[in-house]
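So you can see what is in the structure, the chains are spelled out below.
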There are 2 protein chains.
Amino acid sequence: MGVTQELASFVAGLYYDDLPPAAVHEAKRCLLDWIGNALGGSRDEPVDLLLATLEELGGTPQASVVGRSIRTSLTHAALLNGYLSHVLDFDDTLTDTVLHPTSPVMPALVALAERDGASGRDLITAFVAGFEVEARLAQAIFPSHYEAGWHITGTAGAVGAAAAASRLLGLDPQRTLWALGIGATQPTGLREHFGTMTKALHPGRAAGNGLLATLLAQRGFTAAEASLEGPNGFLRAMAAEADLGVLTRGLGQDYLICTNGYKPYACGVVNHPIIDGAIHLRNTYGISPEQVDAIEVRASDRPPIPQLAANPDPQTGLSGKFSLAHCAAVGLVDGVALPAQFTDARVRDPQVAALRRRFRVTLHPTVRETEAYVTAVLKDGRRLEVHIPHATGTQANPMSDAALEAKYRGQAGAALPPEQVDAIARLVWDLETLADLRDLAGRWS
Amino acid sequence: MGVTQELASFVAGLYYDDLPPAAVHEAKRCLLDWIGNALGGSRDEPVDLLLATLEELGGTPQASVVGRSIRTSLTHAALLNGYLSHVLDFDDTLTDTVLHPTSPVMPALVALAERDGASGRDLITAFVAGFEVEARLAQAIFPSHYEAGWHITGTAGAVGAAAAASRLLGLDPQRTLWALGIGATQPTGLREHFGTMTKALHPGRAAGNGLLATLLAQRGFTAAEASLEGPNGFLRAMAAEADLGVLTRGLGQDYLICTNGYKPYACGVVNHPIIDGAIHLRNTYGISPEQVDAIEVRASDRPPIPQLAANPDPQTGLSGKFSLAHCAAVGLVDGVALPAQFTDARVRDPQVAALRRRFRVTLHPTVRETEAYVTAVLKDGRRLEVHIPHATGTQANPMSDAALEAKYRGQAGAALPPEQVDAIARLVWDLETLADLRDLAGRWS
């Protein structure tokens, strides 16, 4: 049996009762975080452009768009919701492959689940199936795939979306195999587009493409038997070096969803330990920006950190996400690094800009990517230092359920009335008892 | 100015009066051949599956589907028409890159042209713009891209579709640049799917993705400035070796559309010189199958010919397209190699199968891919030989307008009433005088 067939068999044969409780719980965390991120991103400017384009194309009203009072076709809903959930760079991340696992998979899944009135348990099972497939596929092609310029979330993600959708529809192993193949033949995402509106199109397209793949396979639309490992398949086309073994290693035993990471801050994960340190110093010592003579940081020298270190004075909110100096400054001034810290206005704030100019960083090969040493040098001569061994949100220092819910509430509260914010949180934490996903989806749109 | 910008400037600045008459004429040949191929493919089984899936998703009725009396959204029409036009493996080919240039571009273009009532001249200009971009992009990444497993028609094709659509909508160079980039980030097509229903999805998706790219760019949706040549751009992700210079070489001077090839036979071009030879022997000497003791062929040894040589007794119509023996046999028995020669029934015909068993092939490095030596050894001892230096339909031995129209009529005649078949041919040959593409599109659906 080839690896694509093994994956298809795993997907088609996964049941809720197979799942360890930790995987079930993590799936709920993924969903709650996803809803918050999608609500947070739902009013971003490029979303309006995408929405207007798709509305002109039209579609059967089958599924909702998060944070918008519209319904559209399954594939357009998946595309839009995939876009929303990534546009703020606030979505969950597997740090070993920089895959954002939920953004391409959940939108495909909730669109189908809403149309069919699927149960919470079926949603959880299908989501875990998709997660395990895409996470292994990402591991199989990382790092050469990513280094060649691919945005892994839009490539491995399409296969994950197809897997999840296939499980929710209860496709047999043969049709699941076809769905994985049709998903694999439609990768999206060149990293050249980072910093433009096109970046978030990658998980959006992955969600829509994976879903279309599954809808076709359900009808008997055929595809290759060995779409991943075949001589002209995904692995060879997509990676100079691929690890075939990792695709099925521990399948059904080791649930990679239990290694998922969440972002407390609305920027790339490599900034996070520095922000952690800045916030810690601010809160522990009650530092105010006027007291600070310099912020000194020791961080990892691994890519892309040198680029972020070489961006000391960004002038746009988007560029601020890619500046260690800006991240440290807002951590110290604001004590948070939410979307509001990455607006054009906040980046141009004189106090923040002044603090950025007092930022000094040295990069070291012995410091890990999720680690940082942060020192505030005060004008009175004191040196206040903190070592962050593991950034908040990583597997070794996870965000608690309470922290994750607070993040969700921060984003949801700006988009929905309080009673809906509460109801969604309640429904998600009790997802295994939800009879019909429409009860949840009806509250986020 | 980077190469992507140069391409965008070329596209945005191309006018009908710039085009040499040969390029205009070739665009008409592309269109006529495309309509025939799309009509020929319009009733294939996988088309029904794709159509049913898309109809459930729904869409604003903006454009027609060839050979079907339905209208759907621009992007669904592009996807469907892209599928139709490739499903019989009968579409035009640039032999140097095996790009099928018209199948991804024309569907995007006619959908827009139908919505907007564009003129024939504008259609021609936009088509040439798209053709020149995709053909150069294919040259830049061939052969390493193709050898890695990519179906170049679905990858370079999406960028060509975006270019053509951008020209038809009159986008400025900046928005055209974004459209090219959004097209480039959505490649479709692993060759692993050859021989399955998914193969023709590649030009279909390329057409739809390129069109969506343009619709987004038109609204101001931003993308990278150097989406092709940038460090994380298309060329690096898609090819182990890319030739940057070829992307803009001779742009606006050498029209690659004038090198386009057309298929007289409904199978891969590498079979064509053998079929030419078999038909020649049959017609010149009045050979009947019972007279034949053996068919001996000398052909090129370049991939994929060895695989086609190693398939002496196919059992399905699709597999027959990938068998030199079957192609030679139907050439000798039927004197044609149309879709009817690649059905399951024809492949299983006892007379054809018996002749396949009398097929002998030797492969030589000195024989070109478009060349073959074909000998009929008769039971009476005679050896009748023919050398085909250039297969019919290649640049050195082009199909005449009359031959192309006969091919069109063969396919169109099975799908449309005679007066519509005539009217379409007349409108296409006089395309530069057509005021509104709806007069043409109204006759093919």
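Below or above, wherever it landed, is the structure these notes cover. Bear in mind that the values here come from a model prediction, so they are computed numbers and not experimental data. (Residues numbered from 1 in each chain as written. Chains lettered and ligands numbered in written order. Predicted model: local features only at pLDDT ≥ 70, side-chain atom pairs only at ≥ 80, totals over all residues. Heavy atoms only, no water.)

## Details of the overall build of chain A
Per the secondary structure count, chain A includes 20 helices and 6 strands. The C-alpha radius of gyration of chain A comes to 21 Å, within 12% of the 22 Å expected for a compact globule of 445 residues. For chain A, the C-alpha atoms occupy an extent of roughly 75 × 50 × 40 Å along the three principal directions. The burial tally for chain A puts 64% of its 445 residues in the buried class. Nonlocal contacts in chain A, meaning residues at least 24 apart in sequence, comprise 76% of its contacts between residues at least 6 apart. Accessible surface, chain A: about 14200 Å² in total, of which carbon and sulfur atoms supply 51%. Computed over 36 positive and 48 negative side-chain charges, the inter-centroid distance for chain A is 4 Å. (Helix = DSSP H or I, 4+ residues; strand = E, 2+ residues; numbered from the N terminus. Rg over C-alpha atoms; globule rule 2.2 N^0.38 Å. Buried < 20%, exposed > 50% of the residue type's maximum accessible area, 1.4 Å probe, protein only. Contact = heavy atoms within 4.5 Å. Areas by Shrake-Rupley, 256 points an atom, 1.4 Å probe, with all protein chains shown as cover. Lys, Arg positive; Asp, Glu negative; His and termini not counted. Charge placed at Lys NZ, Arg CZ, Asp CG, Glu CD.)

## Overview of the pattern of salt bridges
Inspection of the entire model under this criterion finds 44 salt bridges over all chains. Taking the shortest distance from any N to any O, the salt bridge between Arg346 of chain A and Asp349 of chain A comes out at 3.4 Å. Residue class for Arg346 of chain A comes out buried when judged on its relative accessible area of 19%. The shortest N-O distance in the salt bridge between Arg383 of chain B and Glu296 of chain B comes to 3.0 Å. Of this pair, Arg383 of chain B sits in strand E6 (residues 383-388) while Glu296 of chain B sits in strand E3 (residues 292-300); the two residues are 87 residues apart in sequence, bridging distant segments of the chain. When its relative accessible area of 28% is taken as the criterion, Glu296 of chain B is described as partly exposed. Via salt bridges that share partners, Glu56 of chain A together with Arg115, Asp116 and Arg219 of chain B belong to a single interconnected network. (Salt bridge = Lys/Arg side-chain N within 4 Å of Asp/Glu carboxyl O.)

## What about empty space enclosed by the protein?
Scanning the entire structure with this criterion turns up 4 cavities of 30 Å³ or more. As a volume, the largest cavity reaches approximately 190 Å³. Along the walls of the largest cavity sit 17 residues, with Thr75, His76 and Arg205 of chain A together with His76 and Arg205 of chain B positioned nearest its centre. Residue assignment for the lining of the largest cavity shows that the elements contributing at least two residues are helix H3 (45-57), helix H4 (74-84) and helix H10 (201-218) of chain A together with helix H3 (45-57), helix H4 (74-86) and helix H10 (201-218) of chain B. When residues in the lining of the largest cavity are grouped by element, the largest group, 4 residues, is from H10 of chain A. Class assignment of the residues belonging to the lining of the largest cavity gives a composition of 8 nonpolar, 7 polar and 2 charged. Within this model, the second largest cavity holds a volume of roughly 50 Å³. Along the lines of polarity and charge, the residues of the lining of the second largest cavity split into 2 nonpolar, 7 polar and 1 charged. (1 Å grid on protein atoms, 1.4 Å probe; cavity = no way out; pocket = protein on both sides within 12 Å on 5 of 7 lines; lining within 4 Å. Points joined across faces, edges and corners; volume = space filled by probe spheres on them. Nonpolar A, V, L, I, M, F, W, Y, C, P; charged D, E, K, R; others polar.)

## So, the environment of His202 of chain B
Among the secondary structure elements, His202 of chain B is positioned in helix H10. The spatial distance from the C-alpha of His202 of chain B to the C-alpha of Ala240 of chain B is 21 Å, given a sequence separation of 38 residues. Apart from the residues lying within four places of it in its own chain, the contact partners of His202 of chain B are Thr185 of chain A together with His151, Gly154, Thr188, Gly189, Leu190 and His193 of chain B.

## Remarks on the pairing of strand E2 (residues 68-72) of chain A
On a regular strand, each side chain points to the face opposite its neighbour's, so the side chains alternate between the two faces of the sheet. Residues and elements named next belong to chain A. Because side chains alternate across E2, one face comprises the buried residues Arg68, Ile70 and Thr72, and the other comprises Ser69 and Arg71, none of which is buried. Sheet analysis places strand E1 (residues 63-65) next to E2, joined by 3 bridges and oriented antiparallel. Bridge pairing in E2 links Ser64 to Arg71. Hairpin connection, E1 to E2: the antiparallel pair is bridged by 2 residues, and Gly67 has positive phi, about 80°. (Pairing = 2+ DSSP bridges.)

## Some points on the sheet that holds E6 of chain B
Paired through backbone hydrogen bonds, the strands of a sheet run either parallel or antiparallel to each other. All names here are of chain B. As summarised here, the arrangement of the 4 strands in space is E4-E3-E5-E6, forming an open sheet in which the pairing is mixed. Every interior strand has two partners, whereas the edge strands, strand E4 (359-364) and E6, have only one. Strand-to-strand twist of the sheet, defined as the mean angle between neighbouring strand axes without regard to direction, takes the value 15°. Alignment of E3 against E4, held across 6 bridges, turns out to be parallel. Pairing of Ile295 across the sheet is with Phe359, part of E4. (Axes fitted to C-alpha atoms, helices over the stretch in contact; angles between N-to-C directions.)

## Points about the interface of chain A and chain B
Listed per partner, the contact involves 61 residues of chain A and 61 residues of chain B. Both sides of the chain A and chain B interface together cover about 4900 Å² of buried area, and 57% of this is carbon and sulfur. Ranking the residues of chain A by area buried against chain B places Leu57, Glu192 and Arg219 of chain A at the top, with a combined share of 15%. Inspection of the chain A/chain B interface yields 4 salt bridges. In this structure, Glu56 of chain B and Arg219 of chain A form a salt bridge, with 2.9 Å as the shortest nitrogen-oxygen distance. Elements that contribute at least two residues to the side of chain A that touches chain B include exactly H3, H4, helix H9 (173-184), H10 and helix H11 (234-238) of chain A. Residue composition of the side of chain A that touches chain B, by class: 28 nonpolar, 24 polar and 9 charged. (Buried area = accessible area lost by both parts, 1.4 Å probe.)

## Observations regarding the sheet that holds strand E4 (residues 359-364) of chain A
All names here are of chain A. In space, the 4 strands of this open sheet follow the order E4-E3-E5-E6, with mixed pairing throughout. Since the sheet does not close on itself, it has two edges, and those belong to E4 and strand E6 (383-388), each with one partner. With direction set aside, neighbouring strand axes in the sheet form an average angle of 15°. In this structure, strand E3 (residues 292-300) lies alongside strand E5 (residues 372-378), joined through 7 bridges in antiparallel fashion. Following the sheet pairing, Ile295 is matched in E5 by Ala376.

## Comments concerning the nonpolar core
The biggest cluster of nonpolar side chains holds 292 residues, and the ones touching the most others in it are Ile35 and Leu440 of chain A together with Ile35 and Leu440 of chain B. Those residues in contact with Ile35 of chain B, other than ones at most four positions away along the chain, are Val66, Tyr408, Ile424, Val428, Leu440 and Trp444 of chain B. Membership of the second largest hydrophobic core comes to 28 residues, among which are Val292, Val297, Ala328 and Ala329 of chain B. (Core = buried A, V, L, I, M, F, W, Y, C linked by side-chain atoms within 4.5 Å.)

## Points about H9 of chain A
Taking 1.5 Å of rise per residue, the 12 residues of H9 of chain A would be expected to cover 16 Å, and the 16 Å separating its terminal C-alpha atoms lies within 8% of that figure. Considered for burial, the residues of H9 of chain A that qualify are Thr176, Leu177, Trp178, Ala179, Leu180, Gly181, Ile182, Gly183 and Ala184 of chain A. Taken together, the buried residues of H9 of chain A touch helix H1 (3-12), helix H8 (152-169), H10 and H11 of chain A together with H10 of chain B. A distance of 3.2 Å separates the backbone nitrogen of Gln174 of chain A from a side-chain oxygen at the start of H9 of chain A, and that oxygen is part of Asp172 of chain A. (Expected span 1.5 Å × (residues − 1). Polar contact = N/O pair within 3.5 Å; in protein donor to acceptor, adjacent residues only side chain to side chain.)

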